[in-house]
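Each chain is listed here by its residues.
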Number of protein chains: 2
Amino acid sequence: MIRTDSASKLKTIQIQASATRRPTLPALYIIALTITCFWFTSNFATADEGMWLFNSPPKQQLKERYNYELTDDFLDLLQKSSVRFSNGGSGSFVSPQGLVMTNHHVALSLVEKLSTTERDLVKSGYYAARQEEELKCRDIELVMLDHIVNVTSQVNAAVTSEMTFEQAQNARRSVMSRLEKEAADASGLKCEVVTLFQGGQYHLYCYKAFKDVRLVFAPEVAVGFFGGDPDNFEYPRYNLDVSFFRVYENGEPYHPDRYLKWSERGAADGELVFVSGHPGRTNRFDTPEHLLFQRDVYYPYYMNKLRRNEILLADYSETGSEFARAVSSELFRLRNSRKNRTGILAGLQSPAVFEKISSDWQQFTSTAVEKKLLDADAEGPETTIYNALVRWNEIFLIHELFENQAAFDSRLFKIARGIVRCVTESGKPNESRLREYRETELASTKEKILSPAVIDKRLELLRLTDSLNLYLELTQGAEYDDDESGEEGYGVLGGFSPGERAAQLLAGTQLDKLDVRTRHLNMSLEELEESDDLMIQFALGVDPVARDVRALYETEVAEPMRQAYAELAKTRMRLDPRRTYPDATFTLRLSYGKVAGYTSASGESIPAWTTISGAYQHARDHRLEPPYDLPERWFDNEEQVNGEVPLNLVTTNDIIGGNSGSPLVNGKGEIVGLIFDGNLESLSGNFVYTEQRARAVSVHSSGIIEIINRIYDARRVVEEIDQARN
Amino acid sequence: MIRTDSASKLKTIQIQASATRRPTLPALYIIALTITCFWFTSNFATADEGMWLFNSPPKQQLKERYNYELTDDFLDLLQKSSVRFSNGGSGSFVSPQGLVMTNHHVALSLVEKLSTTERDLVKSGYYAARQEEELKCRDIELVMLDHIVNVTSQVNAAVTSEMTFEQAQNARRSVMSRLEKEAADASGLKCEVVTLFQGGQYHLYCYKAFKDVRLVFAPEVAVGFFGGDPDNFEYPRYNLDVSFFRVYENGEPYHPDRYLKWSERGAADGELVFVSGHPGRTNRFDTPEHLLFQRDVYYPYYMNKLRRNEILLADYSETGSEFARAVSSELFRLRNSRKNRTGILAGLQSPAVFEKISSDWQQFTSTAVEKKLLDADAEGPETTIYNALVRWNEIFLIHELFENQAAFDSRLFKIARGIVRCVTESGKPNESRLREYRETELASTKEKILSPAVIDKRLELLRLTDSLNLYLELTQGAEYDDDESGEEGYGVLGGFSPGERAAQLLAGTQLDKLDVRTRHLNMSLEELEESDDLMIQFALGVDPVARDVRALYETEVAEPMRQAYAELAKTRMRLDPRRTYPDATFTLRLSYGKVAGYTSASGESIPAWTTISGAYQHARDHRLEPPYDLPERWFDNEEQVNGEVPLNLVTTNDIIGGNSGSPLVNGKGEIVGLIFDGNLESLSGNFVYTEQRARAVSVHSSGIIEIINRIYDARRVVEEIDQARN
């Protein structure tokens, strides 16, 4: 069985990675040391760079670069009109009746769940011609950011310099829990403390949440994801990646305080435009050594996992169209993610890009030393980060496999772990619990456990088998070790092959039934330990290893890095506070930029816009073969639609995954487009913003109206948008 | 640039694998030690096990088990009727006019090369209604085994006990080259020395070779690979995996000495049947430690590579149907290979299967010790193998990346390396050359270099980028290392990212042009070193590392293992020579077995046959969706065809990949089927034969005739087979 004294074992399994030797940087890095400079710009936001906080907006930059006055009312309009989708995307209110616009690819997983074998809305698209036909979605929450409070001093006050990393971590977690709970109780809002600047600041974000979200309009996936994977991250593009939902409250359409109106014509070439949305994650301020860890350890591991999952789901899809439909959005996300990460990794692998990163870093630290903000001789934050990386490297695989469930990729396992931890954590004081089981999170955690979504045991078997295989592969048979000391490995497989073990666990669990889940959730720990459900027993068995490695990770990796990065962030802010923005955290940010074409690497001039007639041409160039098979109705209505109307456009806005579905607005706050992608050149934006060729890609506001009006005859939506404008 | 003093570097990069610690086997292995037995059977061929040599056939077993007299004439008939396809499959002459039958999936890559955008024979299938319409194939050679000579004593005579492993290896290579060349010169045949019993025996195989091979009939891929990947390795099956070619000599149909006639009705349930074909590779006699190396090092590496390639080609396929067609056979092979290896690995991962392997091994060695054929105290062959595995583990990645070209997956690189080595090796005495550049091989090596097959540079870019990425990933940035000693890694990327480097190399080479290749092939080494072709320069640059690691592998891994396995094989033969067969070597073998259904793991009774009407039902069960979309003509002719005729059948024959296209014959040597697959349970046959559920899957002889007659109206083929029978 599972041994609980896992800490010693953790140390024995590791991958040999560059971080175990102190990574040496390219020669270029050394050269950078010799460059003298009076002032550096690269580590500060320049050009159209920046994912700005709404409570620390780039007013000065906009004034300087665009002679634009960023007003508080404008900020309030964008903030209150913006929503975040819990399945990982952005959106905005576009009418006083709670109409919400987002991307088709954000809507996809919701549309999928509304589909059946008889009615495949992914394929056919959907339009509710009457309000009663609006379809209520499952497993979704939309949130609108009501207000932000800077709680940095309260959080920091809880931590004293005498504390160990572990104590500091607990103290901070505890105060964050309390602040969230107090704010939630007082306001009735959903509150979370967001860690910004890698721990340099803590802001309390309070959201109004919506759970009754109904589908109003979605086009066919063939045009929502026109050009498919081959066109993904490419430009020029011709994509109608748009969907509309309506938010309800108490069974009636919700009337938002603020919403965005449609622009009459869209934006002109070179015009200033804004994006208000939720960029997911960037690593703009990671140390070069941290980036090497990502290049050599994290990304290779992660992409291997993506590839395995992609192949698994592609195989499953081939067994029938109903199965293909059931996993299409997940497969889309996987492929999107893989192509995206290939682009990110390509940046990290490029010595030229790394040279810029290294020299920026070198300039930042040497300037900080010069200005006596960093001590050149002492073991500074950079060394702390390096040491944390070494530790991370040692526990990386076990952390991924056990705590992040890479070894147990199964919804039923996830449910079992959720139940085990709900029962275990509920018996502890709120501050001592694992984050996701604190009072503020517990309801939504339980809701996930009790999701009525149907679980396909055949797919479960494929996933669990493959992930147990990954476990066996990455631990290289340690499972089966029987050394003289009587150690038996982790015992995860219990003496069976991955396939046999997976089949056994799935045959022995009833957690696919909601009442069985509820019953287990209400058990005491003692009762749970007596349960005859095999998956529960399995989750109980692997939990000690998972908890141990999570504790190690949090106290010896995450916390030291947080403190060191916080120190670096403070240093950076002291150098010039107004030009500093934090890494993306899937919270609301403002980006500014302009409409601008570019010249490709091979010298081709790429205009800012494409047109509707370009979409027809693109389909015909590919003989209408999938994924270029525009739906029939496009050809039926080709005469009616105005082909000259712009369809997609590119801008210099600084965005990243999570911004999907964000509104693109002009200086008056009017919608001129809908963000849905970045080009390949923008992907290295994960760690460095560049303006030469990196572009955000949007659906054009005029194209949306022209097409849903003339091709889809979706009059309710068009009229609602029209009325909202007047 | 590339450093030539690579040996020291080789040692620094390795993966941490189980072989670095002496692998400990499951507890079960220990238990096996305590089992006493007077005689063991498992390590000898029992039941229907065995891939038998034609010059050492299982006469005694057939007499004992089936009361069947295996005659020399029968063996001669099967041997002379069987052919091997150079693209990796088997086939047989089925008429006196040189008609050859094989699988559609063996024909696929040839059919693909005969296709154009306008005429997609993969999709539409092909039937030459007249002889003039038979289509000449590119890049293919068929060989028929004319005779075998046992040359073990000559080869062994060249090796003395004083020789180092390296000297022994060279001596053996040298005498093998000489024997091959002498035999080829004397007979005009194509001759190769085959290493059997892992070096226990050496046999000289002399082949008659055919290069003029023309396509006569191939069905649509939709029915040739009916059920696609989901049905692959499954049973029941409904597959018309058959194609016909004709061999020509001097522009006229070839008249083979012997050919197989069609059986009137096929085989009955339980009837004895034979397979004559070319099983590719098995590891039936590997030590348990060797199998652990495969489980923990080789397979995880190899499957990662398969998955990467599969995803790359799937992406490429999505960019247009002409691209999909161009790589469909390669993608088929990759998917087939992945599913196959998943099955093999599942066996290695099963403690139960491993227990059997371990206890068999234990019984073999303890019996051998008891009979004084092995010395219990001395460091025996098992330890030699273990030490070689440790060494292999150290150089594994560099050997794969540099010598096996995993880092440079590009046809143009392969051509460049071929040219570089042709030029370099031609200047050496025949015996000292690398195997593939010896006189007997040089012509076919040059032919491959000068293949007129069109090279798509876009696909080349994808492949080379991805494989340079794999290189960077597996060497974990060592490329960019610049330590104090001034070492610069291998310099493969020359200071660029994988994508940049690949683009640069491809832009700088003209080797896609045949005349450029020819010009370079005729250069001296000095001229080659002055060539301005970047790919040639690159191949020159990486060659020293590749050669060094190949030499290390051959002398410190392959040769010690060969000698140790040879010793073990001799021991095994001394215990009972008539019951021993060698591992598969993609040379002609005979397997016997019987027609037999089975009971599945879940208790279902699976009958031996399926029928033609079952194919229609199977398609309808899947709503005719791909890959279950039977071609139109099947429905047009559904009334004409007799649905009761058997379509596929299973037998207990011991086969493996490479047997695809082998004839299945009855005791009279008449064709009763055509091998095309094994079921999932048969895949662990790579290292252990089991009879309970493992089955070979064939197309039924009667089904082939009924369908190509009634559905395809391929009268020429039907009549030719019919006339041959009478």
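These numbers were taken from a predicted model, which means no experiment stands behind them. (Residues numbered from 1 in each chain as written. Chains lettered and ligands numbered in written order. Predicted model: local features only at pLDDT ≥ 70, side-chain atom pairs only at ≥ 80, totals over all residues. Heavy atoms only, no water.)

Caption draft 1: Geometry of the overall build of chain A. Tallying secondary structure elements over chain A gives 25 helices and 21 strands in all. Relative to the globule expectation of 27 Å for 726 residues, the C-alpha radius of gyration of chain A, 26 Å, shows essentially globular dimensions. Its C-alpha atoms put chain A at 80 × 70 × 55 Å along the principal axes. Residue burial in chain A is summarised as follows: out of 726 residues, 61% are buried. At a minimum sequence separation of 6, the contacts of chain A that also span at least 24 residues come to 79%. (Helix = DSSP H or I, 4+ residues; strand = E, 2+ residues; numbered from the N terminus. Rg over C-alpha atoms; globule rule 2.2 N^0.38 Å. Buried < 20%, exposed > 50% of the residue type's maximum accessible area, 1.4 Å probe, protein only. Contact = heavy atoms within 4.5 Å.)

Caption draft 2: Region of interest: unusual backbone geometry. Look at the link from Tyr-235 of chain A to Pro-236 of chain A: it is a cis peptide, with omega at 5°. By secondary structure assignment, the location of Pro-236 of chain A is in the loop between helix 10 (228-231) and strand 11 (243-249). For the peptide bond that leads from Pro-626 of chain B to Pro-627 of chain B, omega is 0°, which places it in the cis range. Residue placement: Pro-627 of chain B occurs in the loop between helix 22 (612-621) and helix 23 (632-636). In this structure, Asp-139 of chain A is a non-glycine residue whose phi angle is positive, near 55°. Along the chain, Asp-139 of chain A turns up in the loop between strand 6 (135-136) and strand 7 (142-150). Under the relative-accessibility criterion, Asp-139 of chain A is labelled partly exposed at 35%. In the Ramachandran plot, Leu-624 of chain B falls in the positive-phi region, its phi being about 60° despite a non-glycine side chain. Along the chain, Leu-624 of chain B turns up in the loop between helix 22 and helix 23.

Caption draft 3: Representation of the sheet that holds strand 19 (residues 663-665) of chain A in the model. Residue and element names in this part refer to chain A. Overall, antiparallel pairing links the eight strands, which are arranged 1-14-13-19-20-21-18-17 in an open sheet. Edge positions in the open sheet fall to strand 1 (52-53) and strand 17 (609-611), since each of these has one partner strand only. Taken together, the two bridges between strand 1 and strand 14 (residues 589-594) define a ladder with antiparallel strand orientation. Residue pairing in the sheet places Leu-53 in a bridge with Arg-589 of strand 14. Most of the contacts of helix 22 (residues 612-621) go to strand 17, to which it runs at about 70°, and overall it touches strand 17 and strand 18 (646-651). (Pairing = 2+ DSSP bridges. Axes fitted to C-alpha atoms, helices over the stretch in contact; angles between N-to-C directions.)

Caption draft 4: View of a negative patch on the surface. Residues and elements named next belong to chain A. Together, Glu-526, Glu-527, Glu-529 and Glu-530 give the surface a local cluster of negative charge. Here Glu-527 lies in helix 20 (residues 525-530). For Glu-527, a relative accessible area of 45% translates into the label partly exposed. (Patch = residues over 30% accessible without salt bridge, like charges linked within 9 Å, V, L, I, M, F, W, Y side chains within 5 Å. Areas by Shrake-Rupley, 256 points an atom, 1.4 Å probe, with all protein chains shown as cover. Salt bridge = Lys/Arg side-chain N within 4 Å of Asp/Glu carboxyl O. Lys, Arg positive; Asp, Glu negative; His and termini not counted. Charge placed at Lys NZ, Arg CZ, Asp CG, Glu CD.)

Caption draft 5: Representation of helix 16 (residues 439-449) of chain A. Turning to helix 16 of chain A, its buried residues are Leu-442, Ser-444, Thr-445 and Ile-449 of chain A. Residues of helix 16 of chain A that are buried make contact with helix 15 (411-426) and helix 19 (514-521) of chain A.

Caption draft 6: Focus on the packing of aromatic side chains. Residue and element names in this part refer to chain A. Going through the model one piece at a time under the given rule, you end up with 66 aromatic pairs over all chains. Ring plane angle 80° and centroid distance 6.0 Å describe the contact between Phe-402 and Tyr-471, whose orientation is recorded as edge-to-face. Residue Phe-402 is found in helix 14 (residues 381-403), and its partner Tyr-471 is found in helix 17 (residues 457-474); the two are separated by 69 residues along the sequence. Summarising the burial analysis for this pair, Phe-402 and Tyr-471 share the class buried. Grouped by ring-pair contacts, the aromatic residues Phe-293, Tyr-298, Tyr-299, Tyr-301, Tyr-302, Trp-392, Phe-396 and Tyr-553 constitute a single cluster. (Phe/Tyr/Trp six-rings, centres within 6.5 Å; stacked < 30°, edge-to-face > 60°.)

Caption draft 7: Highlighting the environment of Arg-574 of chain B. Relative to the elements of secondary structure, Arg-574 of chain B occurs in helix 21 (residues 534-575). When the C-alpha atoms of Arg-574 of chain B and Glu-706 of chain B are compared, they prove to be 49 Å apart, with 132 residues separating the residues in sequence.

Caption draft 8: Inspection of the sheet that holds strand 20 (residues 671-678) of chain B at higher detail. Residue and element names in this part refer to chain B. If you trace the eight strands from one edge of the open sheet to the other, you get 1-14-13-19-20-21-18-17, paired in antiparallel fashion. For this open sheet the edge positions go to strand 1 (52-53) and strand 17 (609-611), each flanked by a neighbour on one side alone. Where strand 18 (residues 646-651) meets strand 21 (residues 696-700), four bridges bridge the pair, whose relative direction is antiparallel. By the bridge assignment, Leu-649 is partnered in strand 21 with Ser-698. Contacting strand 13 (272-277), strand 14 (589-594) and strand 19 (663-665), helix 4 (residues 72-81) crosses the sheet at an angle of about 45° to strand 13. Here helix 22 sits on the sheet in contact with strand 17 and strand 18, set at roughly 70° to strand 17.

Caption draft 9: Structural view of the pairing of strand 20 (residues 671-678) of chain A. All names here are of chain A. Most of strand 20 is tucked away, with eight of its eight residues classed as buried. With three bridges joining them, strand 19 and strand 20 adopt antiparallel strand pairing. Directly across from Leu-664, in strand 20, lies its bridge partner Gly-673. Looking at chain direction, strand 20 and strand 21 (residues 696-700) are connected through five bridges and run antiparallel. What sits directly across from Asp-677, in strand 21, is Val-697.

Caption draft 10: Structural view of the packing of helix 11 (residues 288-317) of chain B against helix 13 (residues 351-370) of chain B. Residues and elements named next belong to chain B. Across the interface, helix 11 lies against helix 13 with an axial gap of 10 Å and an inter-helix angle of 150°. Of the possible angle classes, the one that applies to helix 11 and helix 13 is roughly antiparallel. Along the contact surface, helix 11 presents Pro-288, Leu-291 and Leu-292, while helix 13 presents Phe-354, Ile-357, Ser-358 and Trp-361. Looking at the contact of helix 11 with helix 13, its residues break down into six nonpolar, one polar and no charged. (Parallel < 35°, antiparallel > 145°, perpendicular 65-115°, else oblique. Nonpolar A, V, L, I, M, F, W, Y, C, P; charged D, E, K, R; others polar.)

Caption draft 11: Expanded view of the pattern of salt bridges. Evaluation of the coordinates by the stated rule reveals 124 salt bridges over all chains. In this structure, Arg-308 of chain B and Glu-473 of chain B form a salt bridge, with 2.9 Å as the shortest nitrogen-oxygen distance. In this pair, Arg-308 of chain B sits in helix 11 while Glu-473 of chain B sits in helix 17 (residues 457-474), placing the two residues 165 residues apart along the sequence. Glu-473 of chain B carries the same exposure label as Arg-308 of chain B, and that label is buried. Of the charged contacts in the structure, one is a salt bridge between Arg-547 of chain B and Asp-543 of chain B, with a shortest N-O distance of 3.0 Å. On the criterion of helical spacing, the pair formed by Arg-547 of chain B and Asp-543 of chain B is a turn pair, its members being four residues apart in helix 21. Under the relative-accessibility criterion, Asp-543 of chain B is labelled buried at 5%. Salt bridges sharing common partners tie together Arg-173, Glu-403, Arg-417, Arg-421, Glu-425, Lys-428, Glu-436, Asp-543, Arg-547, Arg-550 and Glu-554 of chain A.

Caption draft 12: Local environment of the confidence of the model for chain A. All names here are of chain A. When pLDDT is averaged across chain A, the result is 89; 92% of the residues are at 70 or more. In the model, residues 1-44 has pLDDT below 50 throughout and makes 112 contacts with residues more than four positions away in sequence or in other chains. Both scores are available for the predicted complex, with the pTM at 0.78 and the ipTM at 0.77. (pLDDT = per-residue confidence, 0-100.)

Caption draft 13: A look at the pairing of strand 7 (residues 142-150) of chain B. Residues and elements named next belong to chain B. Strand direction decides the pairing type here: strand 2 (residues 82-85) and strand 7, joined by two bridges, are antiparallel. Each residue of the ladder has a partner; that of Arg-84, found in strand 7, is Val-143. The sheet contact formed by strand 7 and strand 9 (residues 201-210) spans eight bridges and is antiparallel. Pairing of Ile-148 across the sheet is with Tyr-205, part of strand 9.

Caption draft 14: Broad picture of the environment of Val-297 of chain A. Residue placement: Val-297 of chain A occurs in helix 11 (residues 288-317). Distance in space between the C-alpha atoms of Val-297 of chain A and Leu-397 of chain A is 9.8 Å, their sequence separation being 100 residues.

Caption draft 15: Geometry of the environment of Gly-661 of chain A. All names here are of chain A. Checked against the element boundaries, Gly-661 lands in the loop between strand 18 and strand 19. C-alpha separation for the pair Gly-661 and Leu-78, spaced 583 residues apart in sequence, amounts to 14 Å. Excluding residues within four positions of it along the chain, Gly-661 makes contact with Ser-90, Gly-91, Met-101, Thr-102, Asn-103, Leu-674 and Ile-675.

Caption draft 16: The arrangement of the side chain of Arg-438 of chain B in detail. All names here are of chain B. Checked against the element boundaries, Arg-438 lands in the loop between helix 15 (411-426) and helix 16 (439-449). Among the polar contacts made by the side chain of Arg-438, one reaches the side chain of Glu-180 at a distance of 3.4 Å. In this view, Arg-438 contacts Arg-173, Ser-177, Glu-180, Asn-430 and Arg-433; residues no more than four positions away in its chain are not counted. (Polar contact = N/O pair within 3.5 Å; in protein donor to acceptor, adjacent residues only side chain to side chain.)

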